[in-house]
Amino acid sequence: MTTLNLNQIVDVTVQVSPTAAPRAEFNQLLIIGTTGLSLPGDNAITTTERLREYTSLADMLTDGFVTTDAEYLAAALYMGQSPAPDTFWIGVRDNTSSPEETVLEALTACRVKQANWYIAYSTDVDATELAAIALYVESAVPSTIFAYQVATSDVLIEDVVPDDICTTLKNGSYSRVIGMYSTSAHAIAGIMGVGCGLNSGLANSAFTLFGKTITGATTEDLTAGQKAIVEGKNCNLYLNYANYYNVFEPGIMANGYFFDQIMNRDMLVNDIQLSCMDLLYQNRKIPQTEAGMGMIYNVLAAACDLAVTRGHLAPGTYTGIPFLNLNTGDALPNGYIIQTTPLSEQSAADRALRKAVPFYITIKEAGAVHSITIEVIVNI
């Protein structure tokens, strides 16, 4: 018996949409040192490989690191926090070349080689090189934070001439460098482990570094005056309060912004950028119509909603200057507002170049409480 293909009656076509691009990670630390170059046998991390991903300290030992290596000690502080991070990277700096490779050169090579890590720390960076590193990470792509630690006495002194490194970085208004005065080895790697461990990206995962305990690190024995001097230089400390609370404070970058502000903004920008690119990639076209602009608006709103879910954004009142239809004192019930200009006002030149109309996103950050003032009124 001859049978005919059913497609002549019911023609079914299956189309599989391209998958969305994976979102960047904002919870991975890169530790740069020189030990990886001299690991035994084929385990050496060459300058061609440049960096290697690890998920445990045991894997480092398997590759030939020993427990006294600076990279291992830093990784132990990083992974020893609760909740513990999932991943870290070990990068190499070539100290056998002539001239010797700088930390900045190694950092740049690691950034070009691998996009997944977000924060970098060097086990042997020279303070004189930190200003150049700070300038680089300010505009590095993908977005990058550099963490450093200092234990020199000049940080404890007000009005140092020439300026100590913390003052130099503060005066440079660098927003992507976080420093810590500590005599406890690699303590800054420990607090970065706290941040990376907490940053799951899930609902209500937003956090602040202030007030956190660094497992494995010791607090500094400073006077109130020394504390004020160091923190006045936008440098962080690990201190003990009331013989019980071990507290990292205040959790700020060299320019005074809080670490969580920078990180959460980076996450939001990444979500916005990739969401818009996915929209262009997954659709046959986005028409230059109000409907097309609506499609863009929807993915922008979805990215902002994720920031609300994480706890980065929250409802509030707009306190800035008037902008388009947004006025001072207006409520932002969603934690953000997206504005644009009418498609009818788009220039012919922009339309010919197939540009969308510009979108403007105003956000209200949830912030965090770091201090409380209480007045007790006694009535006798």
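For the structure, check the block above.
As the structure is a prediction and not an experimental result, all values here were calculated from the model. (Residues numbered from 1 in each chain as written. Predicted model: local features only at pLDDT ≥ 70, side-chain atom pairs only at ≥ 80, totals over all residues. Heavy atoms only, no water.)

> So what's going on with the packing of aromatic side chains? Which residues, and what values?
The geometry of two aromatic rings is summed up by the distance between their centres and the angle between their planes. Overall, the coordinates contain six aromatic pairs when judged by the stated rule. Aromatic side chains tyrosine 244 and tyrosine 245 sit 4.8 Å apart centroid to centroid with 85° between the ring planes, which places their arrangement in the edge-to-face category. Geometrically, the ring pair formed by phenylalanine 323 and tyrosine 360 is edge-to-face, given 5.1 Å between the ring centres and 80° between the ring planes. A residue pair is termed long-range when its members are at least 10 positions apart, and phenylalanine 323 in the loop between β9 (316-317) and β10 (331-332) and tyrosine 360 in strand β12 (residues 359-363) qualify at 37 residues. Taking the relative accessible area as the measure of exposure, phenylalanine 323 reaches 31% and is therefore partly exposed. Ring pairing ties together the aromatic residues Tyr54, Phe65, Tyr78 and Phe88, which thus form one cluster. The ring of tyrosine 257 carries arginine 265 above its face, with NZ or CZ at 5.5 Å from the centroid. (Phe/Tyr/Trp six-rings, centres within 6.5 Å; stacked < 30°, edge-to-face > 60°. Helix = DSSP H or I, 4+ residues; strand = E, 2+ residues; numbered from the N terminus. Buried < 20%, exposed > 50% of the residue type's maximum accessible area, 1.4 Å probe, protein only. Lys NZ or Arg CZ within 6 Å of the ring centre and 35° of its normal.)

> Provide a residue-level description of the layout of surface pockets, including the pertinent values.
Taken as a whole, the largest pocket holds about 400 Å³ of empty space. Considering the residues around the largest pocket, the lining is formed by 16 residues, among which Leu280, Ile286, Gln288, Arg354 and Ala356 are closest to the centre. Listed by contribution, the elements that provide at least two residues to the lining of the largest pocket are α8 (259-282) and α9 (290-310). Counting residues per element, the lining of the largest pocket draws most heavily on α8, which supplies three residues. Counted by class, the lining of the largest pocket contains 10 nonpolar, two polar and four charged residues. Its boundaries defined by the atoms lining it, the second largest pocket holds a volume of some 310 Å³. Lining the second largest pocket are 17 residues, with Ala24, Phe26, Pro142, Ser143 and Asn270 sitting closest to its centre. It is α8 that provides the largest number of residues to the lining of the second largest pocket, a total of five residues. (1 Å grid on protein atoms, 1.4 Å probe; cavity = no way out; pocket = protein on both sides within 12 Å on 5 of 7 lines; lining within 4 Å. Points joined across faces, edges and corners; volume = space filled by probe spheres on them. Nonpolar A, V, L, I, M, F, W, Y, C, P; charged D, E, K, R; others polar.)

> Residues and numbers for the side chain of histidine 312, please.
Its place among the elements puts histidine 312 in the loop between α9 and β9. A polar atom in the side chain of histidine 312 sits 2.9 Å from the side chain of glutamate 365. Once residues within four sequence positions are removed from consideration, histidine 312 is found in contact with Ala206, Asn264, Arg265, Leu268, Ala307, Ile363, Lys364, Glu365 and Ala366. (Polar contact = N/O pair within 3.5 Å; in protein donor to acceptor, adjacent residues only side chain to side chain. Contact = heavy atoms within 4.5 Å.)

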